[in-house]
2 protein chains.
Amino acid sequence: MRKIAESTVRRLSLYLRFLEEFEEQGIETVSSEALAARGGTTSAQVRKDLSFFGSFGKRGLGYSVQELVQKLRGILGLGRTYRVAMIGAGKIGSALVQYRGFKQRGFEIVAIFDTDAAKVGRGWNGLTVQDARELESALRDQRVDIAVIVTPADSAQNVADRCVALGIKAVLNFAPVQLTVPDDVVVKTVNLALELETLSYALTNR
Amino acid sequence: MRKIAESTVRRLSLYLRFLEEFEEQGIETVSSEALAARGGTTSAQVRKDLSFFGSFGKRGLGYSVQELVQKLRGILGLGRTYRVAMIGAGKIGSALVQYRGFKQRGFEIVAIFDTDAAKVGRGWNGLTVQDARELESALRDQRVDIAVIVTPADSAQNVADRCVALGIKAVLNFAPVQLTVPDDVVVKTVNLALELETLSYALTNR
DNA sequence: GGGCTTTTGTGAAATCTTTCACAAATGTAG
DNA sequence: CTACATTTGTGAAAGATTTCACAAAAGCCC
Ligand SMILES: NC(=O)c1ccc[n+]([C@@H]2O[C@H](COP(=O)([O-])OP(=O)(O)OC[C@H]3O[C@@H](n4cnc5c(N)ncnc54)[C@H](O)[C@@H]3O)[C@@H](O)[C@H]2O)c1
Ligand SMILES: NC(=O)c1ccc[n+]([C@@H]2O[C@H](COP(=O)([O-])OP(=O)(O)OC[C@H]3O[C@@H](n4cnc5c(N)ncnc54)[C@H](O)[C@@H]3O)[C@@H](O)[C@H]2O)c1
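Since the model is a prediction, treat every value here as computed from it, not as a measurement.

What counts, and where the lines are drawn
- Residues numbered from 1 in each chain as written.
- Chains lettered and ligands numbered in written order.
- Predicted model: local features only at pLDDT ≥ 70, side-chain atom pairs only at ≥ 80, totals over all residues.
- Heavy atoms only, no water.
- Near = heavy atom within 4 Å.
- Polar contact = N/O pair within 3.5 Å; in protein donor to acceptor, adjacent residues only side chain to side chain.
- Areas by Shrake-Rupley, 256 points an atom, 1.4 Å probe, with all protein chains shown as cover.
- Helix = DSSP H or I, 4+ residues; strand = E, 2+ residues; numbered from the N terminus.
- Nonpolar A, V, L, I, M, F, W, Y, C, P; charged D, E, K, R; others polar.
- Buried < 20%, exposed > 50% of the residue type's maximum accessible area, 1.4 Å probe, protein only.
- Phe/Tyr/Trp six-rings, centres within 6.5 Å; stacked < 30°, edge-to-face > 60°.
- Lys NZ or Arg CZ within 6 Å of the ring centre and 35° of its normal.
- Pairing = 2+ DSSP bridges.

> Describe the site of ligand 2, and please don't skip the residues or the numbers.
Around ligand 2, 24 residues are found, and the nearest of them are A:Tyr99, B:Ile92, B:Asp114, B:Lys119 and B:Thr151. Ligand 2 sits at the junction of chains A and B, each of which supplies nearby residues. Contact between ligand 2 and A:Leu96: an oxygen atom at 3.5 Å from a main-chain N or O atom of the residue. Contact distances for ligand 2 include 2.9 Å between an oxygen atom and a side-chain N or O atom of A:Tyr99. Relative to its unbound accessible surface of 810 Å², ligand 2 loses 86% to contact with the protein. Looking at the shell around ligand 2, the elements with two or more residues in it are helix H5 (91-98) of chain A together with helix H5 (91-98) and helix H8 (153-165) of chain B. Among the elements that take part in the shell around ligand 2, H8(B) stands out by supplying 3 residues, more than any other. Its residues assigned to classes, the shell around ligand 2 shows 15 nonpolar, 5 polar and 4 charged.

> Residues and numbers for unusual backbone geometry, please.
All names here are of chain A. The phi dihedral of Asn125 falls on the positive side, at around 55 degrees, and the residue is not glycine. Among the structural elements, Asn125 can be located in the loop between strand S6 (123-124) and strand S7 (127-131). On the basis of relative accessibility, which here comes to 57%, the residue Asn125 falls in the exposed class.

> Go over the packing of aromatic side chains with me, naming the residues and quoting the values.
Scanning the model with the defined rule gives 6 aromatic pairs over all chains in all. Judged by centre distance (6.4 Å) and plane angle (90 degrees), the rings of A:Phe53 and B:Tyr201 are edge-to-face. Of this pair, A:Phe53 sits in the loop between helix H3 (43-51) and strand S2 (57-58) while B:Tyr201 sits in helix H9 (residues 192-204), on two different chains. Assigned by exposure class, A:Phe53 and B:Tyr201 land together as buried. Here B:Tyr99 and B:Phe102 contribute two aromatic rings whose centre-to-centre distance is 6.4 Å and whose plane-to-plane angle is 75 degrees, an arrangement assigned as edge-to-face. B:Tyr99 sits in the partly exposed class, given a relative accessible area of 34%. Seen from the ring of A:Tyr82, A:Arg80 lies directly overhead, with NZ or CZ sitting 4.0 Å from the centre.

> Tell me about the pairing of strand S9 (residues 170-173) of chain B, and please be specific about residues and values.
Residue and element names in this part refer to chain B. Here S9 shows a buried face lined by Ala170 and Leu172 and a second buried face lined by Val171 and Asn173. Here strand S8 (residues 146-149) pairs with S9 via 4 bridges, running parallel. Paired with Ile149 across the bridge in S9 is Asn173. The sheet contact formed by S9 and strand S10 (residues 186-189) spans 4 bridges and is parallel. The residue bridging Ala170 from the neighbouring strand is Val186, located in S10.

So, in structure tokens, the structure goes:
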């Protein structure tokens, strides 16, 4: 498949969310113009984004909301459930484990790990926090698609290495470090400091 | 000032973090090559990014770590403390309020608001959760530079509108909605679903 | 001081992304 | 069935960002 820009993928994900809203409201067709208005972009952008994957609309009419939802789910790989391991049972890990939006969108947390003896064995939202030393043995038995790293910054790379060794190909990282992984593993880092500093820059240079 | 790309600002923020590491390690000068290697980019990119703001290096030698840290702090507007209001005292709000990295980098939480009577009045990390109805009166008395919105999605726009009315010019939003604000207000949205779906796309299309 | 090495700063080129603009469909109304 | 109004899909143009490549600066050594 032709290389698709990350910005395009992010917009597709946004479009999907808007289309789901439209679907709930009983709207059956939508034009690129309407979709663009909802998402703060342009109709040409919407059409171009979609055109990388096929032609899903009807000229003169627009797109069938239901059909486009299906197509986008397919393109984004959302026709299935992803099994997620949470590594680190701290403050952020706790918020994420309790977050319903996760499962709602097909990402199911199936295991939680921590090194802290005080946390291991505790029940968390129906799951038991496991000792991080058991990461390898536990994940040999059950498939995990995505690892979420919410450990302190100084253990994040080590945790990532172990996940890679276990064959995990996708990592969502909250530790404020730049992780090094092989080319076939994809990492997304959510770096709060970076977001805040972008705001700081914007506030300063106006 | 000439328009600077957001990608450039984000990289400057990353460079700053790496430079601070170098500083701690007692490294005094660094070349664009070394900085690039640390951050997964290229030396030309580093030099170009910096060149938008001036010339900070010495040919043949590289950059003084200490001096570049100062310059970047200045460029990013980090020579001061920002006063932050947390709106929503739920799971994510709780994690953020307890997060030390926030204050460490100059972002000080000075107020927390919630609508839930069970939470109002409780002490949170040295602050008292205030009734969200008091947002206007409370923030008229004390300056707030940045609002962090961690309320459910369906109240996020309303909260944003109230913040805008109070003159707040920067918002960090965790609710999975696209906020509408005037041009002179800057919003950064951290959308977990989007990040996960980017991973899903990457896992699917390989 | 002159030659050598290193590394910056920056125009120009290459690449990537967005916007434009219009022919081709498609439905609708008369 | 024809004319008309819409709206898609897409090359081409415009704009933005990254990479290239090299002259100029600066330290070092003899
Ligand atoms: N709390 C926030 O709001 C916030 C915001 C942005 C980023 N972060 C980052 O997210 C990460 C976690 O933050 P937190 O506030 O939840 O910290 P925390 O200290 O509350 O939690 C970290 C947890 O990881 C566990 N841990 C340590 N090493 C481990 C290992 N090798 N394997 C498994 N578990 C391990 C600790 O026992 C602890 O329970 C940090 O890197 C932090 O910088 C946090
Ligand atoms: N928990 C997570 O891991 C997570 C991850 C990503 C995004 N989010 C998003 O962050 C937001 C908060 O999530 P959460 O898990 O903390 O939810 P939560 O329900 O734990 O907390 C939300 C809090 O906001 C309060 N609130 C409601 N309306 C308010 C108003 N108008 N003003 C002030 N406070 C108000 C509620 O009383 C509650 O205490 C949601 O939009 C959620 O989708 C959460």
